[in-house]
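Okay, here's what each chain looks like letter by letter:
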Amino acid sequence: APAVVGFVGLGAMGLPMAKCLIRAGYQVQGFDLSQDACKELQETGSKVCENAALTAQGADAVITMLPSSAIVNKVVLDSLADHLGGAVLIDMSSSAPAETRKLGEQLDKRGLQMVDAPVSGGVKRAADGSLAIMIGGDAACVVRVKPVLEAMGRTIFETGPLGSGHAMKALNNFVSAAGLTAACEALIVGKKFGLDPEQMVDILNVSTGRNNSTENKIKPFVLSGTYDGGFSLGLMAKDLGVAAQLADVVEAASPTSRLMASLWDAAREQLQDGADHTEINRYLETLQVH
Ligand code: NAD
């Protein structure tokens, strides 16, 4: 029989990731608060569970792909933990490392195992099974979960103890958001000066200002006006808060991560959590000189 994997959180990322596991021969049993998400999993022929705890039944691993640490903690401590048994919990959400360590300690006291394995690459690479994955946790646990992760990722890095994957993920998103913010600002300024935005992107992409946003986001999601990058502004703002918190914990000045956290918080207040992260451009366009 194929290995059984529980999957909690079948959203923009979780559902395509679960489909990669199914394609690789895993038996997936999933749960999401959204009926629509559950229905989409059901259409693959996989089992949908009535609650998060039931996804652990007979499972070798249970994956959480949920919005935040607060929600992961709630789902795990209120529901999953009692049924986890020998299954390893793999938190693939972009959670906060300090919270992950606390959760790991609570589970450890109960003899339960956990790794953090957040991802990068967005919805498209989730569908392709070509995500970048960063795993933190005890070596023995990491060895156990690696084959499961290989079904969803192309590059898998072991970053160290529990929480280190989540720390790396927050730092990645800080760099990513800074690149997107800078690119949008450059276009706003350039346009006002009379430069052509499309040409600006072409120049950036063969110049030293090139980054993932100039290459993969500005033309398709910003200049097109579709703003459908598949990752919400609220989630990015959360990640930037996590990165700034990390700077606090290690007592690093990190002025840019703090600036990004406050800028994106203001943007989230104006545009709401559900806006796409590329709509940061809309927010920047509304800012006035004073
Ligand atoms: P999403 O909002 O599309 O999906 C989250 C899912 O969790 C939703 O379907 C929601 O119904 C479900 N959910 C919320 N609370 C729940 C609960 N208590 N029990 C069961 N299900 C619950 O978000 P997403 O874009 O898939 O992101 C998930 C995680 O992955 C986040 O931590 C995000 O920061 C991270 N991430 C997202 C992307 C991206 O490009 N979208 C890329 C990398 C990492």
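It should be emphasised that the depicted structure is a prediction, and the values quoted were computed from it without experimental measurement.

Next up on the list: the overall build of the chain. Check the secondary structure of the chain and you find 13 helices and nine strands. Over its C-alpha trace the chain gives a radius of gyration of 20 Å, about what one expects of a compact globule, namely 19 Å for 290 residues. Taken along the three principal axes of its C-alpha coordinates, the chain extends 65 × 45 × 30 Å. Here the chain holds 290 residues, and 47% of them are scored as buried.

Another aspect to go through is the site of the ligand. Taken together, 28 residues lie around the ligand, and G11, A12, M13, S94 and F231 are the ones closest in. Elements with a contribution of two residues or more to the shell around the ligand: α3 (69–84), β7 (119–120), α5 (122–128) and α11 (233–249). Among the residues forming the shell around the ligand, the class breakdown is 17 nonpolar, nine polar and two charged. Residue-level mapping places the shell around the ligand at the junction of two domains, with at least three residues from each of domain 1 (4–161) and domain 2 (167–286).

With that out of the way, let us pick up the packing of helix α7 (residues 164–193) against helix α8 (residues 197–205). Running from amino to carboxyl end, α7 crosses α8 at an angle of 135°, the nearest separation of the two axes being 10 Å. As judged from the angle between their axes, α7 and α8 are oblique. Both α7 and α8 take part in a crossing whose hand is right-handed. Contacts between α7 and α8 involve A183, A186, L187, G190 and K191 on the former and, on the latter, P197, M200 and L204.

Quite often, the size of an interface is put as the accessible area lost when its parts meet. Domain boundaries in the chain define domain 1 (4–161) and domain 2 (167–286). Contacts between domain 1 and domain 2 engage 13 residues on the former and 15 residues on the latter. Only α4 (97–109) and α5 provide two or more residues apiece to the side of domain 1 that touches domain 2. For the side of domain 1 that touches domain 2, the residue count by class is eight nonpolar, five polar and no charged.

Our focus in this paragraph is the packing of α3 against α4. The geometry of α3 relative to α4 is characterised by a closest axis approach of 10 Å and an angle of 10° between their N-to-C directions. When the interaxial angle is binned, α3 and α4 end up roughly parallel. The segment α3 lies against α4, with S69, N73, V76 and A81 engaging E99, T100, L103 and L107. For the contact of α3 with α4, the class distribution of residues is four nonpolar, three polar and one charged.

Residues Q113 and V115 line one face of strand β6 (residues 113–116) and the alternating positions M114 and D116 line the opposite face, and both faces are buried. Pairing between strand β5 (residues 88–91) and β6: four bridges, direction parallel. Each residue of the ladder has a partner; that of V88, found in β6, is Q113. Read from β5 through α4 to β6, the crossover connection turns out right-handed.

The next thing to look at is the UniProt feature "active site" (unreviewed entry) in the chain. The residues that UniProt annotates with the feature "active site" (unreviewed entry) are K169. Mapped onto the secondary structure, K169 falls in helix α7. Excluding residues that lie within four positions of it along the chain, K169 makes contacts with S94, P118, S120 and M134.

The rules behind the values
Residues numbered from 1 in each chain as written. Predicted model: local features only at pLDDT ≥ 70, side-chain atom pairs only at ≥ 80, totals over all residues. Helix = DSSP H or I, 4+ residues; strand = E, 2+ residues; numbered from the N terminus. Rg over C-alpha atoms; globule rule 2.2 N^0.38 Å. Buried ≥ 20, exposed ≤ 12 C-beta atoms within 10 Å, placed from the backbone. Near = placed C-beta within 6 Å. Nonpolar A, V, L, I, M, F, W, Y, C, P; charged D, E, K, R; others polar. Domains from an automatic or database assignment. Axes fitted to C-alpha atoms, helices over the stretch in contact; angles between N-to-C directions. Parallel < 35°, antiparallel > 145°, perpendicular 65-115°, else oblique. Left-handed = near helix turned anticlockwise from the far one by under 90°. Contact = placed C-beta atoms within 7 Å. Pairing = 2+ DSSP bridges. Right-handed = clockwise from strand over helix to strand, strands pointing away. UniProt positions renumbered as here; feature names shortened; annotations may be inferred.

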